[in-house]
Protein chains: 2
Amino acid sequence: MRGILQIREDLKMAKITMAHGSGGGAMHKLIDSVFMRRFSNPILAQKKDSAIINIGSKEIAFTTDSYVVNPIFFPGGDIGSLAVYGTVNDLSVCGAKPLYISVGAVIEEGLDRDVLDKIVGSMAAAASRAGVQIVTGDTKVVEHGACDRIFINTSGIGEVYYRGLSVKNIRDGDCVIVSGPIGDHAISVLSKREGIEFGTTVKSDAAPLNRMIRKVLLSSEEVRFMRDPTRGGVATTLNEIVSAAKFGIEAEEPKVPVSQGVRQACELLGFDPLYLACEGRVIIIAADEAKDDVLKAMRRDAAGQGGKIIGRITKSHPGKVILNTASGGRRIVDMLSGDQLPRIC
Amino acid sequence: MRGILQIREDLKMAKITMAHGSGGGAMHKLIDSVFMRRFSNPILAQKKDSAIINIGSKEIAFTTDSYVVNPIFFPGGDIGSLAVYGTVNDLSVCGAKPLYISVGAVIEEGLDRDVLDKIVGSMAAAASRAGVQIVTGDTKVVEHGACDRIFINTSGIGEVYYRGLSVKNIRDGDCVIVSGPIGDHAISVLSKREGIEFGTTVKSDAAPLNRMIRKVLLSSEEVRFMRDPTRGGVATTLNEIVSAAKFGIEAEEPKVPVSQGVRQACELLGFDPLYLACEGRVIIIAADEAKDDVLKAMRRDAAGQGGKIIGRITKSHPGKVILNTASGGRRIVDMLSGDQLPRIC
């Protein structure tokens, strides 16, 4: 009896930790036990990057993301462009054409107006580059010390043009494709935050993926599923894909594209690039017959020129991601509980 | 020459202040000079509570709001229910049926899980009460001290069922109606924050207005415009309505409904109830011929039982809100630059 009371007490005393925002196992558990349990409905339960809702005869994708990246400016981007691209990409990976974006800014009292102006200008440029319109917004200001400079929420609406992107459509033997080198975004933010240089400056990969993804989806009807490997990186995304599925993934470490700068940073700091966030990459699962068309279409776009096949769907180890390592070994790639790097988006 | 350089320097050095988040004049200027200038497009330029966008043959309302209320629990509500109702109401006042809500939470490390659970439970109950579904979400965690417990963004999508709500449709002689006593939300938050009691506990008016507004809109085709008087209160909303218009508003102070508790608090603290935020009230402009139908429909709903005509549209002082005071005087009610009370939503 005391045991149960103790567990209850522990649960009651539990605090939110940084791990709960990591994209990893702790976050998934929090989302399931608090948000999914309370908000339970069939649309939310699909756990897609965007909710797919019906309005009239149209299928609409709807998504939201809050950005708390620290620092707010980093090589290759800033919190403003990141917030626009992140929401554009969450719509795109659901087979939707991103159309309209909302912006909710929470600003710390004392922020320089020219810093705000630079961020807002960056959002406008990002929206223009991605071909979306920022149509509604909200501004809140809190006392100095009540938030860290600026947090930005972007929500987005898109029109679904490619139906049937679903984990349920994935089949044994399908290819796992990544659209370019991984981890540059996380290392760019980290290097700026910690003031570390890795020989060369690593620039964030943050970019809008809508046009590249459209080319891919128009190239084949056998694209099964897509997700952008943001928080938790490629390893977490692959684990999300196989979680509760009747298949697993076999990935080939030597085939995973990693830039020189990211490789050096990982060696120096002991990070695994597979867990580093990207903000301009996508993981695509496609039928084996479709792989040439998909890669060709992907590489026709600047955002997909580094596209590579990095693995296969397999029935041999359901629910698991197995990596054949560069040194000839073989290991399970699990979801981390927390994260290597907090506040990268 | 030095003068111009000095002004430029001042502008460059300018910092964001609490007034920029107040809902008043400083905020409107910031939004115009930073956000509207950069994001300029015809949809945003309408400055409605929701953007009205076309998808296929449907008109969709899309809105966003971030909630930073302090304290997060107050008599009559909490940050969770407030966030749901606020977005439901921003859709409703645009003649839309609220359908889908997104939730973006930024949580401070160390927040008690049961506090989070209570807020999320409150959001679920609020969504159920309002008849909307929470279909997508995002969770971020920041270090202790990098935000004040929890900020919540809600964005929402609704389907427009009543067209033509626009300031442009307002005519000389139209009635100005408020759906109930004003200022209870602001005083409820303030009293909890400062630990002040005003004889009786003032409870927030926070409530979903979608059903009441639907009754009103189905009762007459001559409802011209609606807006919920949140930040900046009724005075600010009336000023927004007449700003840049060829008409003004003449309001009657004795007719403005104010509860006993709010009146006492205002006398004690020197507040003007006209500037106090409501989160469950709406200002309706309707044709004079429609007023009886509108009031009858409004009072048929629990949320509108205190509905009153408080003024008239007039051509005699364009762009101005004039108040006939209880003491028989007459004064201009202007938009404040800042706010009497920060962080009430």
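Here the structure is a predicted model, which means the values were calculated and not measured. (Residues numbered from 1 in each chain as written. Chains lettered and ligands numbered in written order. Predicted model: local features only at pLDDT ≥ 70, side-chain atom pairs only at ≥ 80, totals over all residues. Heavy atoms only, no water.)

Observations regarding the overall build of chain A
Move 1: Of the regular secondary structure elements, chain A holds ten helices and 14 strands.
Move 2: In terms of overall dimensions, chain A is globule-like: its C-alpha atoms have a radius of gyration of 20 Å, near the 20 Å expected for 345 residues.
Move 3: Each principal axis of the C-alpha distribution contributes one length, and for chain A these read about 60 × 55 × 55 Å.
Move 4: Looking at the 345 residues of chain A, the share that counts as buried comes to 62%.
Move 5: Across chain A, every contact between residues at least 6 apart in sequence was considered, and the portion connecting residues at least 24 apart equals 84%.
Move 6: For chain A, the exposed surface amounts to about 13200 Å²; the carbon and sulfur share of it is 50%.
Move 7: If you average the places of the 43 positive and of the 40 negative side-chain charges in chain A, the two averages end up 4 Å apart. (Helix = DSSP H or I, 4+ residues; strand = E, 2+ residues; numbered from the N terminus. Rg over C-alpha atoms; globule rule 2.2 N^0.38 Å. Buried < 20%, exposed > 50% of the residue type's maximum accessible area, 1.4 Å probe, protein only. Contact = heavy atoms within 4.5 Å. Areas by Shrake-Rupley, 256 points an atom, 1.4 Å probe, with all protein chains shown as cover. Lys, Arg positive; Asp, Glu negative; His and termini not counted. Charge placed at Lys NZ, Arg CZ, Asp CG, Glu CD.)

Overview of the relation of the copies chain A and chain B
Between the two copies of the chain lies a relationship made up of a rotation around an axis and a movement along it.
Move 1: Expressed as a screw operation, the relation of chain A to chain B combines 0.0 Å of axial shift with a rotation of 180°, fitting to an RMSD of 0.0 Å. Both copies are brought into coincidence by an operation consistent with a two-fold rotation axis. Minimal C-alpha distance to the rotation axis in chain A is attained by C147(A), lying at 2.0 Å.
Move 2: When the interface residues of chain A are mapped onto chain B, 100% of them again lie at the interface, so the same face is used by both copies. (Least-squares fit on C-alpha atoms with pLDDT ≥ 70 in both.)

A closer look at the side chain of S50(A)
Residue and element names in this part refer to chain A.
Move 1: Structurally, S50 can be placed in the loop between α3 (42–45) and β1 (51–55).
Move 2: For S50, a relative accessible area of 1% puts it in the buried group.
Move 3: In terms of polar contacts, S50 uses its side chain to reach the backbone carbonyl oxygen of D90, at 2.7 Å.
Move 4: Those residues in contact with S50, other than ones at most four positions away along the chain, are A61, F62, T63, D90, L91 and C94. (Polar contact = N/O pair within 3.5 Å; in protein donor to acceptor, adjacent residues only side chain to side chain.)

A look at the sheet that holds strand β13 (residues 321–324) of chain A
Residue and element names in this part refer to chain A.
Move 1: In spatial order, the strands read β9-β11-β8-β12-β10-β13-β14; together these seven strands make up an open sheet with mixed pairing. Across the chains shown, the open sheet's two edge strands, defined by having one partner strand only, are β9 (223–227) and β14 (330–332). Between one strand axis and the next, the sheet turns by 25° as a mean value, whatever way the strands run.
Move 2: The pairing of strand β8 (residues 175–178) with strand β12 (residues 308–314) spans four bridges and is classified as antiparallel. (Pairing = 2+ DSSP bridges. Axes fitted to C-alpha atoms, helices over the stretch in contact; angles between N-to-C directions.)

Focus on the interface of chain A and chain B
Move 1: Facing 80 residues of chain A, the contacting portion of chain B comprises 80 residues.
Move 2: Around 7100 Å² of area is buried between chain A and chain B when both sides are counted, 65% of it from carbon and sulfur atoms.
Move 3: Looking only at chain A, the three residues that lose the most surface to chain B are I16(A), F62(A) and R113(A), adding up to 11% of its buried area.
Move 4: Across the contact surface, chain A and chain B share twelve salt bridges.
Move 5: A salt bridge links K140(A) to D65(B); its shortest N-O distance comes to 3.6 Å.
Move 6: Counting across the chain A and chain B interface gives 29 residue pairs in polar contact (both at pLDDT 80 or more). (Buried area = accessible area lost by both parts, 1.4 Å probe. Salt bridge = Lys/Arg side-chain N within 4 Å of Asp/Glu carboxyl O.)

Side note on the pairing of strand β6 (residues 133–142) of chain A
All names here are of chain A.
Move 1: Counting buried positions along β6 yields eight of ten residues, so the element is predominantly enclosed.
Move 2: Here nine bridges tie strand β5 (residues 96–108) to β6, and the two strands are oriented parallel to one another. When the sheet's bridge partners are listed, V106 is paired in β6 with K140.
Move 3: Considered for its hand, the β-α-β crossover made up of β5, helix α5 (residues 113–130) and β6 is right-handed. (Right-handed = clockwise from strand over helix to strand, strands pointing away.)

Looking at the sheet that holds strand β2 (residues 58–67) of chain A
Move 1: Across the sheet, which stays open at both edges, the five strands sit in the order β1-β2-β7-β5-β6 (chain A) with mixed pairing between neighbours. Of all the strands in the sheet, the pair left with one neighbour each is β1 and β6 of chain A. Adjacent strand axes in the sheet meet at a mean angle of 20°, parallel and antiparallel pairs treated alike.
Move 2: Examined bridge by bridge, β1(A) and β2(A) share five bridges and lie antiparallel to one another. Within β2(A), the position partnered with I55(A) by the bridge is K58(A).
Move 3: In this fold helix α4 (residues 79–92) of chain A packs onto β2, β5 and β7 (150–160) of chain A, with an angle of close to 30° to the strand it touches most, β7(A).
Move 4: Packing of helix α2 (residues 25–39) of chain B onto the sheet brings it into contact with β5 and β6 of chain A, and relative to β6(A) it is tilted by some 145°.

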